[in-house]
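Summary of the model geometry
So the chains spell out like this:
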Amino acid sequence: MAQKTQVGIIGAGPAGLLLAHMLHRQGIGSIIIEAQTREAIEGTIKAGVLEHPTVQLLDELGVGERMHAVGFEHHGIELAFGGKRHRIDLHELTGGKSIMVYPQHEVIKDLVAAVLANGTTIEFGVRDVALEGIEGTRPSIRYTLDGEARQIDCDFIAGCDGFHGPSRQAIPAALRVEHLKTYPCGWFGILCEAPPSSDELIYAQSDRGFVLVSTRTPTVQRMYFQCDPSDRVDNWSDERIWAEFHARTEGSDGWRLKEGRIFQKGIIAMRSFVCETMQHGRLFLAGDAAHIVPPTGAKGLNLAAGDVVLLSSAIVDFYRDNSHQSLDSYSARALKRVWRGEQFSWFMTTLLHDFDGEDTITRRFRRAQLDYLVSSRAASTSLAENYVGLPFEGRA
């Protein structure tokens with residue numbers, strides 16, 4: 001069974017869904033295929049801090065209503081170290097910008113609904129995906145669905161299928177330029193039934209390791225502490241988890257973390273990864289297929305949105321003006337924002353985590369940097385600008 005469309009999109013994550021929706025608004029057709037079921041992609045709970053430009057984009061696309069209704073707009077973050085908490089006023093330092101705490105799976109729900117409503121096809125639960133003819137002018141995507149062999153013939157393929165998807169692997173290994181850094185720590189994450197411990201996110205640094213205090217709803221909270229990536233969830237009882245959170249976050253100011261019933265636990269590894277070869281022939285990579293960041297900088301979904309803004313604009317230029325210029329320069333232009341986000345995420349990770357085997361001078365360096373960040377307006381402004389997000393190219 002063969003289908004024809006203008007853009008074949010592999011992956012129904014934020015990048016693929018955003019791209020399909022943006023192309024549709026410009027009269028360009030697409031088909032999305034996704035390995036998971038709709039229930040799986042909408043039900044997998046993931047973190048989500050949306051930058052100011054990403055919030056603006058979702059509003060422009062008409063998919064921001066529920067985000068504003070149930071998300072949390074934050075005007076600042078707190079850095080906690082040395083037993084004290086210090087507020088970084090994002091709103092004041094960036095001329096009125098803010099962030100939105102709205103989980104990624106909720107963004108996916110909004111985008112899936114919007115994409116299906118505009119008539120775009122999403123085929124869930126596909127298997128055996130293979131890309132063919134990407135070096136020619138009429139590439140195709142082969143796959144199976146419910147045991148039936150299928151094919152999409154298209155003008156372009158957008159690989160939005162994440163780090164483990166087949167799209168990046170379709171680029172010859174000899175041509176791919178890739179960079180990887182694996183961090184010697186992971187995050188132990190919990191979801192718990194409790195009221196918020198803070199009105200804003202808390203990034204806490206201590207000699208015992210890092211903690212992030214975040215929120216999901218008025219009654220559900222999301223928190224993480226730094227751990228050994230090879231550790232096991234079974235090693236941590238609820239009592240031990242709460243004792244570790246308290247030890248790493250509480251100081252002399254009287255603030256205390258609020259406990260509740262823990263109903264989800266998990267450990268995630270941390271790495272920085274960039275595939276600088278974001279295009280090959282008629283294949284273009286976007287989102288996690290091309291780059292991964294440690295979650296400390298809250299950049300993953302936002303970098304994907306930046307990719308899609310550029311890629312959708314380039315595809316529109318091709319169909320409207322028969323111009324290849326924007327398509328040909330896609331990698332170079334996308335990588336400017338990608339590397340900025342990667343560097344900021346690395347900076348936040350090394351600033352706030354205490355890695356095993358560090359010497360005392362390294363810890364003093366870190367403390368000096370933290371002291372400078374909270375005492376210098378210039379340093380605070382730099383952090384705030386990067387945290388709320390730099391503008392997408394071509395947008396104010």
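So, here is what we can say about the structure in this document. Keep in mind it's a predicted model, so treat the numbers as computed, not measured. (Residues numbered from 1 in each chain as written. Predicted model: local features only at pLDDT ≥ 70, side-chain atom pairs only at ≥ 80, totals over all residues. Heavy atoms only, no water.)

Let's shift gears to the nonpolar core. Membership of the largest hydrophobic core comes to 74 residues, with the highest contact counts inside it found for L17 and L50. For this core, the element with the highest residue contribution is helix α9 (residues 300-321), accounting for eleven residues. If near-sequence neighbours (up to four positions away) are discounted, L17 is found in contact with A12, I32, I108, L111, V112, V115 and I122. In this structure, L79, L201, F344 and M348 belong to the second largest nonpolar core, which totals 32 residues. (Core = buried A, V, L, I, M, F, W, Y, C linked by side-chain atoms within 4.5 Å. Buried < 20%, exposed > 50% of the residue type's maximum accessible area, 1.4 Å probe, protein only. Helix = DSSP H or I, 4+ residues; strand = E, 2+ residues; numbered from the N terminus. Contact = heavy atoms within 4.5 Å.)

Our focus in this paragraph is empty space enclosed by the protein. A water-sized probe, rolled over the atoms, reveals where empty space remains. On inspection of all chains with the given rule, the structure shows two cavities of 30 Å³ or more. There is about 80 Å³ of room inside the largest cavity. Along its surface, the largest cavity is lined by E51, K299, L303, R337, R340, G341, F344, N386, G389 and L390. The element best represented in the lining of the largest cavity is helix α11 (residues 330-352), accounting for four residues. Looking at the lining of the largest cavity residue by residue, the classes come out as three nonpolar, three polar and four charged. (1 Å grid on protein atoms, 1.4 Å probe; cavity = no way out; pocket = protein on both sides within 12 Å on 5 of 7 lines; lining within 4 Å. Points joined across faces, edges and corners; volume = space filled by probe spheres on them. Nonpolar A, V, L, I, M, F, W, Y, C, P; charged D, E, K, R; others polar.)

Look at helix α12 (residues 360-375) against helix α13 (residues 377-388): their axes get within 5 Å of each other, and the N-to-C directions meet at 95 degrees. Considering their axes alone, α12 and α13 lie roughly perpendicular with respect to each other. Across the interface between the two elements, Y372, L373, V374 and S375 of α12 pack against R377, A379, S380 and L383 of α13. Of the residues in the contact of α12 with α13, the class split is five nonpolar, two polar and one charged. (Axes fitted to C-alpha atoms, helices over the stretch in contact; angles between N-to-C directions. Parallel < 35°, antiparallel > 145°, perpendicular 65-115°, else oblique.)

Here P139 is to be found in the loop between β10 (127-132) and β11 (140-145). Assessed through its relative accessible area of 0%, P139 is described here as buried. It is 43 Å that separates the C-alpha atoms of P139 and R222, two residues lying 83 residues apart in sequence. Beyond its immediate chain neighbours, meaning those up to four positions away, P139 contacts E132, G133, I134, I152, D153, C154, D155, F156, I157 and R282.

Before going further, it helps to spend a moment on the packing of aromatic side chains. Under the definition given, this model contains 16 aromatic pairs. With centroids separated by 6.0 Å and ring planes inclined at 90 degrees, the aromatic side chains of Y203 and Y387 adopt a geometry described as edge-to-face. A residue pair is termed long-range when its members are at least 10 positions apart, and Y203 in strand β15 (residues 202-204) and Y387 in helix α13 qualify at 184 residues. Both residues of the pair, Y203 and Y387, belong to the buried class. (Phe/Tyr/Trp six-rings, centres within 6.5 Å; stacked < 30°, edge-to-face > 60°.)

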